[in-house]
Amino acid sequence: MDNLINDIDIISEEVKAESCETVKVSVNTNTGKSRKLYIESYGCQMNFSDSEIVSSIMAENGFDTTSNFEEADVVFLNTCSIREKAETTVRRRLAQFNTIKRKKPEMLIGVLGCMAERLKAKLLDEEKIVDLVAGPDAYRDLPGLVSQVDEGQKAVNTFLSREETYADISPVRLNSNGVTAFISIMRGCDNMCSFCVVPFTRGRERSRDPYSIVKEAQDLFDKGYKEVTLLGQNVDSYKWSPEVNNKAKLEKTEVSEIINFANLLEMVAQVNAKLRVRFSTSHPKDITDEVLYTMKKYENICKYIHLPVQSGNSRILEMMNRTYDREWYINRIDAIRSILGDECGISSDMITGFCSETEEEHQDTLTLMDYVQYDFSYMFYYSERPGTLAEKKFDDDIPLDIKKRRLAEIITKQHETSLSRNKLDIGKVHEILIEGTSKRSEEQLQGRNSANKVIIFDGEGHKKGDYVHVLVNDCTHATLFGKIVNTENK
């Protein structure tokens with residue numbers, strides 16, 4: 001598995017755990033069910049959340065999960081399609097599974113998620129090992145698709161729904177540390193960014209019933225979880241009414257009430273003051289002052305915002321169809337700093353080398369980074385994706401060596417800024433939720449502060465799930481280091 005992860009082209013080592021090309025596998029559950037399911041999940045947190053939904057559906061239909069694919073009766077790869085490298089990695093993994101299937105021909109191989117949705121039945125022709133293909137809205141149908149394969153047929157369902165939110169399914173927590181958990185609040189995306197395949201692989205935007213979200217958050221808290229992260233492709237455009245959950249329809253329909261993202265954020269914060277609340281991902285065109293003031297009002301809403309900019313140049317942003325310009329983005333940054341203060345963590349996504357980007361326009365991204373002072377960023381050079389608006393309309397005309405050089409400049413700039421931002425935390429005390437032991441030493445613990453920064457410190461008898469106060473005394477560009485100064489039982 002380590003070799004597989006190393007094959008993935010991740011730009012920044014320190015953000016592997018949250019990169020859009022991370023890999024996670026299912027855990028062992030043994031409840032006496034007749035068959036074993038192995039899930040390997042690629043990509044974003046939405047995919048990992050979906051795998052938990054899949055596990056719940058399959059558990060209701062006779063499957064335990066395993067972390068060893070050689071023990072599995074059914075193997076699912078829940079895939080990402082955001083970059084070509086992610087799809088290449090999945091194809092390489094399928095080739096590895098082919099060796100196992102020759103020895104165990106009854107093993108069922110299924111491809112789920114965005115890559116499955118993009119390629120549909122074509123994937124069965126291209127990858128003969130694959131028995132089943134299911135898109136993100138077809139997971140309720142998985143037991144039937146498995147039965148279809150059991151009967152000797154290939155199975156495909158890539159139907160995209162305008163209604164499905166899986167609101168009634170209680171996810172099986174696959175990779176949980178028992179402290180933090182993710183809650184999916186919406187599905188799909190109505191933005192048509194020209195570089196992105198998500199609208200084609202996840203369908204139209206629809207928001208989940210807020211009361212089911214609050215119920216899930218309460219259930220997690222009752223089970224001992226201390227933090228939840230609300231997930232959506234664009235959480236700020238969350239909008240729900242009892243009559244309709246499809247945003248496009250909702251805006252044309254007279255409804256009895258509308259709950260927006262600021263309302264939902266408040267509802268979840270009110271579950272319990274001891275439950276931390278995070279969210280991802282925000283969109284610059286939609287994040288409102290109402291959301292920022294809600295964050296300010298509740299201490300348990302973490303002061304951290306992931307606000308992808310993609311480019312610092314207005315012409316490139318227009319070509320990307322981001323529907324905002326440089327000035328609008330700066331206005332939103334200024335609002336965050338004004339309402340939430342300079343200590344609020346801000347991170348971003350950046351794509352360099354987009355179609356026709358000039359050297360001056362690349363410099364605009366660097367100067368925007370200087371202005372914003374991001375705490376960290378996910379940084380990539382442009383990778384053309386089949387079927388996107390950019391692939392149809394623009395030439396991918398920036399040579400690879402220039403893309404890589406510009407990316408290196410962005411990474412260098414971000415490392416310098418991250419170090420500068422982290423140095424500001426030295427000498428300050430932070431409340432930390434302990435998430436587990438440090439990867440460097442079993443004797444040390446680690447957790448995150450409100451601004452989403454990882455802090456490592458000596459355990460001093462504390463354990464995962466505790467809140468502690470840590471005085472920061474050192475840092476790198478990626479990590480803070482400190483010492484416990486006092487504790488507070490929460």
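Higher on the page you've got the structure.
The notes below deal with the structure included here.

Thresholds applied
- Counting of residues starts from 1 at the beginning of each chain's written sequence and follows it residue by residue.
- Note on the predicted model: pLDDT of at least 70 is required for a residue's local features to be given, and 80 or more for side-chain atom pairs to be given and counted; whole-chain, interface and lining totals, by contrast, use all residues.
- To get the side-chain values, all heavy atoms of the structure are used, and hydrogens and water are removed first.
- By convention, a stacked pair of Phe, Tyr or Trp rings (six-membered ring in the case of Trp) has centres within 6.5 Å and planes under 30 degrees apart, an edge-to-face pair has planes over 60 apart, and any other such pair is tilted.
- In our convention, an over-ring charge means Lys NZ or Arg CZ found within 6 Å of a ring centre and within 35 degrees of that ring's normal.
- Buried Ala, Val, Leu, Ile, Met, Phe, Trp, Tyr and Cys residues form a nonpolar core when they are joined through side-chain atoms within 4.5 Å.
- Exposure is judged per residue with a 1.4 Å probe applied to protein chains only, and the accessible area is read against the type maximum: over 50% gives exposed, under 20% gives buried, and values in between give partly exposed.
- Working definition: helices are DSSP H or I runs of at least four residues, strands are E runs of at least two. Numbering for both runs from the N terminus.
- Residue contacts are defined here by distance: any two heavy atoms, one from each residue, within 4.5 Å place the two residues in contact.
- Cavities and pockets are found on a 1 Å grid laid over the protein atoms alone: a cavity is a set of points where a 1.4 Å probe fits but cannot escape, a pocket is an open set with protein on both sides within 12 Å along at least five of seven lines, and a lining residue has an atom within 4 Å of such a point.
- Grid points are joined across faces, edges and corners, and a volume is the space filled by probe spheres set on the points.
- Each residue is assigned to one class: nonpolar for Ala, Val, Leu, Ile, Met, Phe, Trp, Tyr, Cys and Pro, charged for Asp, Glu, Lys and Arg, and polar for all the others, Gly among them.
- For two strands to count as paired, DSSP must find a minimum of two bridges between them.
- Axis geometry follows a simple rule: fit a line to the C-alpha atoms, using only the stretch in contact for helices, then measure angles between N-to-C directions, giving values from 0 to 180 degrees.
- Criterion for a salt bridge: a side-chain nitrogen of Lys or Arg within 4 Å of a carboxyl oxygen of Asp or Glu.

### Side note on the packing of aromatic side chains
Then step 1. The final tally for this structure, using the stated rule, is 11 aromatic pairs.
Then step 2. Three or more aromatic residues joined by ring pairs make a cluster, and in this case those are Y38, F69 and F97.
Then step 3. Across the ring face of F97, the terminal group of R93 is positioned such that the distance to the ring centre comes to 4.7 Å.

### Notes on the nonpolar core
Then step 1. In this structure, L230 and F261 are the most contacted members of the largest nonpolar core, which totals 57 residues.
Then step 2. Examining the composition of this core, we find that 7 residues originate from one element, helix α13 (residues 326–340), more than from any other.
Then step 3. Non-local contacts of L230, meaning those with residues more than four positions away in its chain, are made with I183, I185, I213, V235, F261, L265, V268, V277, R278, F279 and S280.
Then step 4. Grouped together as the second largest cluster of nonpolar side chains are 24 residues, L77, I100, M115 and L123 included.

### Re the layout of surface pockets
Then step 1. Its boundaries defined by the atoms lining it, the second largest pocket holds a volume of some 620 Å³.
Then step 2. Along the walls of the second largest pocket sit 26 residues, with K303, E431, N449, S450 and A451 positioned nearest its centre.
Then step 3. Take the lining of the second largest pocket: its biggest share by element is 3 residues, from strand β18 (residues 429–437).
Then step 4. Broken down by class, the residue content of the lining of the second largest pocket amounts to 9 nonpolar, 4 polar and 13 charged.

### Describing the environment of M369
Then step 1. Along the polypeptide, M369 turns up in helix α14 (residues 359–372).
Then step 2. Looking at M369, the relative accessible area reads 1%, which means it is buried.
Then step 3. Residues M369 and T417 lie 48 residues apart in sequence; the distance between their C-alpha atoms is 8.3 Å.
Then step 4. Setting aside chain neighbours within four positions, we find M369 in contact with M350, Y374, I410, K413 and Q414.

### Points about empty space enclosed by the protein
Then step 1. On inspection of all chains with the given rule, the structure shows 3 cavities of 30 Å³ or more.
Then step 2. By volume, the largest cavity amounts to about 60 Å³.
Then step 3. Forming the boundary of the largest cavity are S49, I53, T165, Y166, A167, I169, P171, I183, S184, R208 and E216.
Then step 4. Looking at the lining of the largest cavity, the elements with two or more residues in it are α2 (45–59) and β8 (180–184).

### Points about the environment of T294
Then step 1. For T294, the position within the fold is in helix α11 (residues 289–297).
Then step 2. Spatially, the C-alpha atom of T294 lies 21 Å from that of K453, the residues being 159 residues apart in sequence.
Then step 3. Not counting chain neighbours up to four residues away, the residues in contact with T294 comprise A262, L265, E266 and I301.

### Quick word on the pairing of strand β14 (residues 276–280)
Then step 1. Of all 5 residues in β14, 5 are buried; the element is thus mostly enclosed.
Then step 2. Every second residue of β14 is oriented toward a common face, with R276, R278 and S280 on one face and V277 and F279 on the other, all of them buried.
Then step 3. The pairing of strand β11 (residues 227–231) with β14 spans 5 bridges and is classified as parallel. Counterpart to L231 in the pairing with β14 is S280.

### Quick look at the sheet that holds β14
Then step 1. With respect to topology, 3 strands assemble into an open sheet ordered β8-β11-β14, the strand pairing being parallel. Two strands bound the open sheet, and with one partner strand each, they are β8 and β14. Averaged over all adjacent pairs, the angle separating strand axes in this sheet is 25°, with direction ignored.
Then step 2. Bridge analysis of β8 against β11 gives 5 bridges, and the strand direction is parallel. Residue T180 lies in a different strand from β11, and its bridge partner there is E227.
Then step 3. Against the sheet, helix α10 (residues 261–269) makes contact with β11 and β14, and its axis sits at roughly 150° relative to β14, the strand it touches most.

### Things to note about the pattern of salt bridges
Then step 1. The tally for this structure, following the rule as stated, stands at 39 salt bridges.
Then step 2. One salt bridge in this structure joins K297 and E266, with 2.9 Å as the shortest N-O distance. On the criterion of sequence distance, the pair formed by K297 in helix α11 and E266 in helix α10 is long-range, its members being 31 residues apart.
Then step 3. Across the pair R405 and E359 runs a salt bridge whose closest N-O atoms are separated by 2.7 Å. Here E359 lies in helix α14 and R405 lies in helix α16 (residues 400–423), a separation of 46 residues in the sequence.
Then step 4. Where salt bridges share partners, they join D50, D137, R187, R202 and R206 into one cluster.

That is the geometry; function is a separate question.
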